[in-house]
Every structure is written in structure tokens, then in C-alpha cells.
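# Remarks on the overall topology
Here is what each chain is made of, one letter per residue.
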Amino acid sequence: MSKFLSEKYSSLVPYVPGEQPKDMEYIKLNTNESPFPPPENTGKEVMEEVSRLQLYPDPECTALNVKLAGVLNVSPDEILATNGSDEILNFAFMAFCDKDTPAVFPDITYGFYKVFAGINNVPYTEIPLDRDFKINPDDYKGINKTVFIANPNAPTGIILKCSEIEEIIKSNPDNIVVVDEAYIDFGGESCVPLIHKYDNLLVTQTFSKSRSMAGARLGFGVAAKPLIRDLNAIKYSTNPYNINRLTVAAALATLSNDKYNKDNCRIITENRAYLSEELKKIGFTLTDSRANFVFAAHPEISGRELYLKLKEKGILIRHFDTERISCYNRITVGTKAQLDALIAAVKEILKIKD
Ligand code: PMP
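Given the structure is predicted, the values throughout are model-derived calculations rather than measurements.

## What about helix α4 (residues 112-119)?
Buried within α4 we find Phe 112, Tyr 113, Val 115, Phe 116 and Ala 117. Summarising the contacts, the buried residues of α4 are in contact with α3 (85-96), β3 (103-106), β4 (124-127), β5 (146-150) and β6 (177-180). The positive-phi residue at the C-terminal boundary of α4 is Asn 121, with phi of around 60 degrees.

Rendered as C-alpha cells:
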């Protein structure tokens, strides 16, 4: 830290993104990206937009919001597009949390919530998941704080039913409930339709996972219009041009081809079932993940050791050095070929013969 850093950031603990080592080609199963490229027409649409890069993008993202609204069955002014869903989550901490309205989220969940709370000086409470790593909705009823729930949760992949989340929303009418649906397209039921019923619900989603666009950075929030207006006030006070032209062009192209994305999600859910079965056969315990990753532990090897040994073999998975989950690893569901390479490497490490 330099002597110039503001005192208010002196105790900041930044988020640590999944590693991207450059020393060799790895099979990358550590950051929940899609193993599939965006649909074919995306390149052409993006190249056309290059000739307009001298102009600022549309700060209102009108074309994108209109197209997305059609897909989500909401109105364009119930959407705010952001630079990844991380940005809308940060906006939510800025807009809806403070010393008098602290945040609350599970003890095991997306690690960035804590970081957003830290940078925005928001006090927070972590509620332990139960023994099976499940969120107990009762813990959040009438809690009088801004609630952040990832559904499916990360890194467990475990999902709550919409009706369970609705109970949380209903019982906290004076507080915002943020439902982070980064992984919803891999087998969950979205809470988006509930924004027409509750004025205290913000649903966030991303193009990074099911829509193969992690590199373009696009996420969005869906909520009743007054909430979107609040969040827009934050956006226009920080970065009005938060979505660049090339990203909008890519998103419009990919939304015109949503069948391609849906087909990819189906392949990933099939591959998830395959990977889960193969891992179970060799002694792993897994949570019931509905995301594009599995969360797995083996009784004979620590999570860290397995992670390190796989890395030596050119395969990256994600290990979290957190007490309750240190024997687990989060493994992104890739292509069948990537998963076969992973399974073979795991068998070699555990000295399991076919
Ligand atoms: N929420 C959860 C639960 C995530 O795992 C991630 C990805 N790391 C995000 C939000 C943010 O994703 P992005 O900013 O790429 O949209």
C-alpha cells in the first residue's frame, strides 16, 4: 500500500479472481466460463460496430434493453445493463445498504458480497448454511436487512425454489432482496416474473455463463421501475457509458440466436450429470448442483492437494481455503473431452485402475 491510499481503503480485502496462469495451456475448469464460443454471427456484428468506435455508446442501452425485455417478458425500463453482473451487485450495495440497513448473506456464497460490503462500508451478517450446505429460508424471514442470495448458490450449486425465495421477499417488505441468478439457466426457476408482484426484489443475471460472453463483460438487473431508477442514479454517478459498443453488438447477436445458447445449456446439464456420476463412482461426495459446476470432495485427498496435483497435470479447478469447505473443490462443467481428461487425471492421482 502506498502512503497515498486513502485511509478509508486501508483495510480493504480485494476479491481474488480465478487464476489464469500463462506458463502453459491448461484445461480451464476453474472460473465457470462456458466451454463454447458465442454463436457464429457474433463476429460479423461486432466487426461492423468497430467502424463506429469513435462514438460513445448509447448510455441508455436502448436496443439491448428492448431485445432483452422481449426475452425476459418484462418492460425495457425494468432492466439495467451493467459491466458484468458484478457491477449491478456493487450498485445494489451502494444503493440499498448502509450503516442503518446492513447486508445479510450466507456464510458460504459468492465471495464478492463481502468485498462489496467492505468497499462500501456496509456492515454485514453471514448466516451459516445448514449441515448439508443448504440455505434455510426461515433464517431470512423478517430479517430487516438487505438480503443477498445467489440462486443457485455458489460454490455449492444448491438451489432454492422460487416459492421459498418469495417467502423471504414477502416477509421483508421494507427491505430489498437481491437474487443473484448468475447460474439460473442451468436448471433453476427464475424469480424474474416476481418483479411484477414485489417492489423490493432485484434479480441479477449475466451473459458470462449460459451466453458464452464472460470476456465481453455484460450483466443486468431486473426490478420494478423505481428500483431501476435508483440504480440508474448510481450508474450515472459513476460510469454512464458502462457498456461498450462491441459488447452491445455481441449481446444483440447472441440474443438473436438464443436457441444456440439454450442448446449449449442442455449439453452442459447433460455433461454435469455425466461428471457427477463418474466422480461418485470413484468415491466423491457431491452437492446437488444445478449450476455449470459441481462441488465435490473425496475422503482420501484434501481439496487443496487435489487442486495442486491437477494443476501439475495441466487442469485448473477452483479450491477455496475456507474452513468449512476446505475438503471440497468447485469444478466447472466443460466439454465431454475436457471432463474425460479431468476424470482420467483424477483416477491417476488417486491411483484408481479402470
Ligand atoms: N454471481 C455469482 C454467484 C458468480 O459466481 C459470478 C461469477 N464469478 C458473478 C455473480 C459475476 O459474474 P459476472 O460479473 O461475470 O457477470
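After that view, the rundown keeps rolling.
## Some details on the domain arrangement of the protein chain
Accessible area lost upon the coming together of the parts serves often as the stated size of an interface. Looking at the assigned domains, one finds that the protein chain contains domain 1 (16-36 + 259-350) and domain 2 (42-256). Placing the centre of domain 1 and that of domain 2 at their C-alpha centroids yields a distance of 25 Å. In this complex, domain 1 contributes 24 residues to the contact, which on the side of domain 2 involves 26 residues. In total, domain 1 and domain 2 occlude about 1900 Å² of area from one another, counting both sides; carbon and sulfur atoms represent 59% of this. The interface formed by domain 1 and domain 2 includes 1 salt bridge. A salt bridge links Arg 324 to Asp 107; the nearest nitrogen and oxygen atoms lie 3.1 Å apart. Connecting domain 1 to domain 2 are 10 residue pairs in polar contact (both at pLDDT 80 or more). The leading source of residues in the side of domain 1 that touches domain 2 is helix α8 (residues 258-281), at 6 residues. Considering only residue class, the side of domain 1 that touches domain 2 consists of 9 nonpolar, 9 polar and 6 charged.

Rules used in this analysis
- Residue numbers here run from 1 along each chain, matching the order of that chain's written sequence.
- With pLDDT at 70 or above as the cut-off, local features in this predicted model cover only qualifying residues; side-chain atom pairs require 80 or more to be listed or tallied, and sums for whole chains, interfaces and linings still use all residues.
- Only hydrogens and water are removed before side-chain values are computed, so all heavy atoms of the structure are retained for them.
- Exposed residues in this analysis have more than 50% of their type's maximum accessible area, buried residues have under 20%, and partly exposed residues fall in between, with area computed by a 1.4 Å probe over protein chains only.
- Note on conventions: DSSP H or I runs of at least 4 residues are helices, E runs of at least 2 residues are strands, and numbering of each starts at the N terminus.
- Any two residues whose heavy atoms approach within 4.5 Å are treated as being in contact.
- Marked domain ranges trace back to an automatic or database domain assignment.
- Here's the idea: put two parts together, see how much 1.4 Å probe accessible area each one loses, and the total over both is what we call buried area.
- Here, a salt bridge means any side-chain nitrogen of Lys or Arg that lies within 4 Å of a carboxyl oxygen of Asp or Glu.
- Counting of polar contacts relies on pairs of N or O atoms within 3.5 Å, with two restrictions inside protein: one atom must be capable of donating a hydrogen and the other of accepting it, and residues adjacent in sequence are counted only when both atoms are side-chain atoms.
- Ten residue types, Ala, Val, Leu, Ile, Met, Phe, Trp, Tyr, Cys and Pro, are classed as nonpolar, four, Asp, Glu, Lys and Arg, as charged, and the remainder, Gly among them, as polar.

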